[in-house]
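Spelled out, the chains give:
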Amino acid sequence: MSTLQTAESSAPKQTASERIPFRVHPRVFDALGADLVTNDLVAVIELVKNSYDAFAHHVRIAFEQADDGAPYLEITDDGIGMTRDIVENSWCIVATPHKEARPFVQKGDNVRRVVGNKGLGRLSAARLGKRLVMLTQSSQSICWEVTVDWEEIATGDDISLSAVTFREWPEPSPFAESGTRLQIHELREQWDEDRVWELAENLGRLISPFAERDEFNIMLTGVDNADAIGIEAPRFLSEPKYSIKGTVDVVGNIAGTYEFAPIGADGVPRTTEMSQTWSQTHTAAKDSWKFQHSAKSARCGPFVFDIRAWDINAGGTGEISDKYGVQRSLVRRAIRAHKGISVYRNGVLTLPKSEGARDWLGLDLRRISQVGRRLSTSQLVGYISISAEDNPKIEDTSDRERLSMCAEVEEFEEIIRSIVGLLASGRNQDREEQGRERPMAELFDALSAEKLVTDTAALAQSGAQASAVVPLVREFDESLNRSRQAIETRFIYYSRLATVGTIAQMLVHEIRNRTTSVGAMLKLTKKEYGPFGKQRVATQFSRADAAVSALEKLADTFAPLASRNFRRGRRQSILEERIRNCLSLHEGEIRSKNVQCSLPKSTTLVAVDPAELDTIILNLVMNALYWLEKEPREQRSLEFRVEPSDDRERTKVYVHDTGPGVDDEDAAKVFWPGVTRRPDGIGMGLTIASELVAAYGGRMAMIHPGVKGGASFEFDLPCQNTAGRAP
């Protein structure tokens, strides 16, 4: 055989290609209805949303009985209805782009943007019952009847052979001008009064509070054929105890108004403006690495927010019950039905739909670390208003239970978490006003029974009966409980300090392990390839070497705290050197925020452990950098001043910034545990700093108003010796 023949015989055989069409089994309606429509409540909501998209102003939902006694669900609206052409070429085509291609619907001179475009209405009807009878009429056509037997379709073999029954309605039209009526027969699940009540509560969330009241009205009749009731949220939900309303602009900056409106007798109403820049949100984000592409500006688009909160303990629900004449159980039930942050696109609920998706922001998980200070989903009823025009990337998934994840959605979610943080900050302040934090000594004083004993003795001397002592004992018991709760709360904060040694030990261990290996690699690189010819390489190597040295110094600083034998006062620090060290840890942030720092040129030796001194300074620096960002870039400055005390035994330190300063109402409590105006803060920074100063015999205080127009703090530290000081 020749070479040519061999090559030809080994070549791949050429075969003819053919096209095999995709086919969809008729069971698609059953399968998709079960998967994409979470439950029957969501199914009804989707059908009501279809009425909204049809420009209906009124929707009536009723659970009726047929002549044979079988229950069925009827949904009737006064929308624009459908022509035969729309039924045949849009409604009967699964996943039609009809609404996507026509995002607006017009009725007279009015225009409404549609909110559904995934075809869930038909799937919802298939989920709810086995048979659908639909009447529909547009203003320019006759009334048509469409009958669909979902069971018959599901048992077929070829969807191309499946069909609906279509005819002209032979009886008088039920519509004055136009509309659609759905009757869903052979319901797959039973609807009792409790289920209908749950439906009513969930329908109350469907329309945004930003919408006009008369734009879309829903009436519901239950299974007992009682009078139809209008769907609306309970009055107390529109009069929250704590709330924040406002806007997020096109670059992600938050501007809101916080309001405290006491429901009971305690507390003074107040309103205050709150704001946060996107840069602050970005910096504080737990997963800020996700937003590196948008560090300067968020791209999720502007939106409006209205988030409300209540105290839902026995006292909180009792206040609401007393004021509005509503049973406590109904108060809790209403908040539970509306709880969470709801997103509305062009005025209609986008998510969440089902109970399991209410905490789509993960607020409850974040709250675990700060129980009592952060708000949980069960305490919130929030409304976020977006639009398809301004927020095109914020889209819900096909099951309508979450958002389709992308960079814009991650920004959107992080901004909402920050808004909730601002609300929690305001709420914490108003709760503290009602029962402010007391010094630790006062807390333990309240545990004394001395007053009870004295009062009891006085009653005994006056000849009072034993029953007269009961109110005194009850009052003392209540006082003990209040003190116990306050002490528990306080020690939750202080328990964190008890872990400092463990954290320091881990920190030192991890840093030294890594700097050892990285340092060895740098030495080898320098030995094999140095000196570096290219300036860029030399610069990068120098930075890496400096970073390793800085980490090693950090480990040295915290090493004593990791020791079980740590005793305060054994080490000393050069104050100005520690200030420079703390600022260097935030060098990147200082540079990016254009903060001008002014440091003393003196050299002051203080009898303070370097790690504890760093803790004091860092808390002041981090607070200043956060609040300075609210000021124009050219007006941001941070100044440290150091002066000897009159007896030169101690050193005074002053820290001034040009930030927004501290409000008069906050000035007296900046050092209280748990008090913070930062959405991401826990309110322990200044508490820890002031108590460390106190541990060295000093005192930290705030100068109000601030020397440079912002915040000013002063504290004093013991000098190591007067000879160690240079002017």
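Residues numbered from 1 in each chain as written. Predicted model: local features only at pLDDT ≥ 70, side-chain atom pairs only at ≥ 80, totals over all residues. Heavy atoms only, no water.

### Details of the pattern of salt bridges
Using the following cut-off: By convention in these notes, a salt bridge is any Lys or Arg side-chain nitrogen within 4 Å of a carboxyl oxygen on Asp or Glu. Per the convention used, a helix needs a DSSP run of H or I reaching at least four residues, while a strand needs a run of E reaching at least two, with both numbered from the N terminus. Accessible area is worked out with a 1.4 Å probe on protein chains only. A residue is then buried under 20% of its type maximum, exposed over 50%, and partly exposed in between.
This model, assessed by the stated rule, comprises 25 salt bridges. In this structure, lysine 49 engages glutamate 46 in a salt bridge whose closest nitrogen and oxygen atoms are separated by 4.0 Å. With lysine 49 and glutamate 46 both in helix α3 (residues 40-53) and three residues apart, the pair spans about one turn of that helix. Between arginine 60 and glutamate 64 there is a salt bridge, with the nearest N and O atoms lying 3.3 Å from each other. What makes glutamate 64 buried here is its relative accessible area of 19%.

### Quick notes on the packing of helix α8 (residues 193-203) against helix α11 (residues 328-338)
Put simply, the rule is: Orientation is described by lines fitted to C-alpha atoms, with helices fitted over the stretch in contact, and by angles between N-to-C directions that extend from 0 to 180 degrees. Geometric relationships in this document are graded by angle, where less than 35 degrees denotes roughly parallel, more than 145 denotes roughly antiparallel, 65 to 115 denotes roughly perpendicular, and other angles denote oblique. Contact criterion: two residues are considered in contact whenever any of their non-hydrogen atoms come within 4.5 Å of each other.
Where α8 contacts α11, the axes come no closer than 9 Å and their chain directions differ by 60 degrees. Relative to α11, the element α8 lies oblique. Note on element contacts: α11 touches α8 through Arg333, Ala334, Ala337 and His338, opposite Asp194, Trp197, Glu198 and Glu201.

### Topic: the sheet that holds strand β8 (residues 179-187)
To be explicit about the condition: Two strands form a pair only when DSSP identifies at least two bridges running between them.
Strand order in the open sheet formed by eight strands is β7-β6-β5-β8-β2-β1-β9-β10, with mixed pairing between adjacent strands. If you trace the sheet from one side to the other, it starts and ends with β7 (165-168) and β10 (229-230), each paired once. The pairing of strand β6 (residues 144-149) with β7 spans four bridges and is antiparallel. Opposite threonine 147, over in β7, you have threonine 165 as the bridge partner. Here helix α4 (residues 84-91) sits on the sheet and contacts β5 (129-137), β6 and β7; the angle it forms with β6, its principal contact strand, is near 25 degrees.

### Quick word on unusual backbone geometry
The peptide bond linking histidine 704 to proline 705 adopts the cis configuration, its omega dihedral lying at 0 degrees. If you trace the backbone, proline 705 turns up in the loop between β23 (700-703) and β24 (712-718).

### Side note on the nonpolar core
We apply this condition: For our purposes a nonpolar core is just a set of buried Ala, Val, Leu, Ile, Met, Phe, Trp, Tyr and Cys residues, chained together by side-chain atoms within 4.5 Å.
The biggest cluster of nonpolar side chains holds 56 residues, and the ones touching the most others in it are Ile61 and Leu206. The leading source of residues in this core is α3, at eight residues. Filtering out sequence-adjacent residues up to four positions away, leucine 206 remains in contact with Ile45, Val48, Lys49, Phe216, Ile218, Tyr344, Gly347, Val348 and Leu349. Core analysis: the second largest hydrophobic core is formed by 35 residues, Ile254, Cys300, Leu361 and Phe412 among them.

### A closer look at a negative patch on the surface
Spelled out, the test is: Think of a patch as exposed residues, more than 30% relative accessible area, with no salt bridge, where like charges cluster within 9 Å and nonpolar side chains (Val, Leu, Ile, Met, Phe, Trp, Tyr) cluster within 5 Å. Accessibility throughout is a Shrake-Rupley quantity obtained with a 1.4 Å probe, and a residue counts as covered only by protein chains that appear here. Counted charges follow a simple rule, with Lys and Arg positive, Asp and Glu negative, and His plus the chain ends left uncounted. Here the site of a charge means atom NZ of a Lys, CZ of an Arg, CG of an Asp or CD of a Glu.
Taken together, the side chains of Asp192, Glu193, Asp194 and Glu198 make up a negatively charged region of the molecular surface. Tracing the backbone shows glutamate 198 in helix α8. You can call glutamate 198 partly exposed: its relative accessible area is 34%.

### Some details on the packing of aromatic side chains
Here is the rule: Pairing of aromatic side chains requires ring centres within 6.5 Å, counting the rings of Phe and Tyr and the six-membered ring of Trp. Pairs whose planes differ by under 30 degrees are stacked, by over 60 edge-to-face, and all others tilted. Criterion for a charge above a ring: Arg CZ or Lys NZ at most 6 Å from the ring centre, at most 35 degrees from the ring normal.
For the structure shown, the criterion picks out 10 aromatic pairs. Ring centres of tyrosine 52 and phenylalanine 216 lie 5.3 Å apart, and the angle between their planes is 85 degrees; on these two criteria the pair is classed as edge-to-face. Of the two residues, tyrosine 52 is situated in helix α3 and phenylalanine 216 in the loop between α8 and β9 (217-221); the sequence distance between them amounts to 164 residues. Overall, the relative accessible area of 6% leaves phenylalanine 216 in the buried class. Through a chain of ring-to-ring contacts, three or more aromatic side chains come together here, namely Phe236, Trp310 and Tyr324. Residue placement shows arginine 84 over the ring face of tryptophan 144; its charged tip is 6.0 Å from the ring centre. Geometry around tyrosine 242 places arginine 427 over its ring, the cationic atom sitting 5.7 Å from the centre.

### Digging into α4
Along an α-helix, residues three or four apart share an orientation, since each turn contains 3.6 residues. Definition in use: Each C-beta atom gives one direction from the helix axis, and the arc is the one those directions make.
Along α4, the positions that sit buried rather than exposed are Val87, Ser90 and Trp91. Seen from one end, α4 has its buried residues packed into an arc of 110 degrees, which puts them on one side.

### Considerations on the environment of alanine 233
The residue alanine 233 is located in the loop between β10 and β11 (242-248) in this model. With 31 residues separating them along the chain, alanine 233 and asparagine 202 place their C-alpha atoms 9.5 Å apart.

### Quick word on the confidence of the model for the protein chain
Stated formally: Every residue gets a pLDDT, meaning the predictor's confidence in that residue, from 0 to 100.
Scored by pLDDT, the protein chain has a mean of 78; 70% of the residues are at 70 or more. Confidence drops under a pLDDT of 50 for residues 368-372, and excluding neighbours within four residues, the segment shows nine contacts in the predicted structure. Here residues 495-499 is a poorly scored stretch, pLDDT under 50, and it has four contacts once near neighbours within four places are set aside; other chains count.

### What to know about the sheet that holds strand β13 (residues 270-276)
Pairing is mixed in the open sheet, where seven strands are placed in the order β13-β12-β11-β14-β17-β15-β16. The sheet is open, and its two edges are formed by β13 and β16 (348-351), each paired on a single side. Averaged over neighbouring strand pairs, the angle between their axes works out to 20 degrees when direction is ignored. For β11 and strand β14 (residues 303-309), the ladder comprises seven bridges, and the chain directions are antiparallel. In the sheet register, valine 248 faces β14, and the bridge partner there is phenylalanine 303.

### Looking at the packing of helix α21 (residues 610-628) against helix α22 (residues 685-695)
Two packed helices can be described by the angle between their axes and the distance between those axes. The condition that has to hold: By convention the crossing between two helices is left-handed if the near helix lies anticlockwise of the far one by an angle smaller than a right angle, and right-handed if it lies clockwise. In this count, Pro and Cys sit with the nonpolar residues alongside Ala, Val, Leu, Ile, Met, Phe, Trp and Tyr, while Asp, Glu, Lys and Arg are called charged and the others, Gly among them, polar.
In the contact formed by α21 and α22, the axes pass within 9 Å of each other and the chain directions differ by 145 degrees. The chirality of how α21 crosses α22 is left-handed. Here α21 contributes Glu612, Thr615, Ile616, Asn619, Leu620 and Asn623 to the contact with α22, which in turn contributes Gly685, Leu686, Ile688, Ala689, Leu692 and Val693. Counted by class, the contact of α21 with α22 contains seven nonpolar, four polar and one charged residues.

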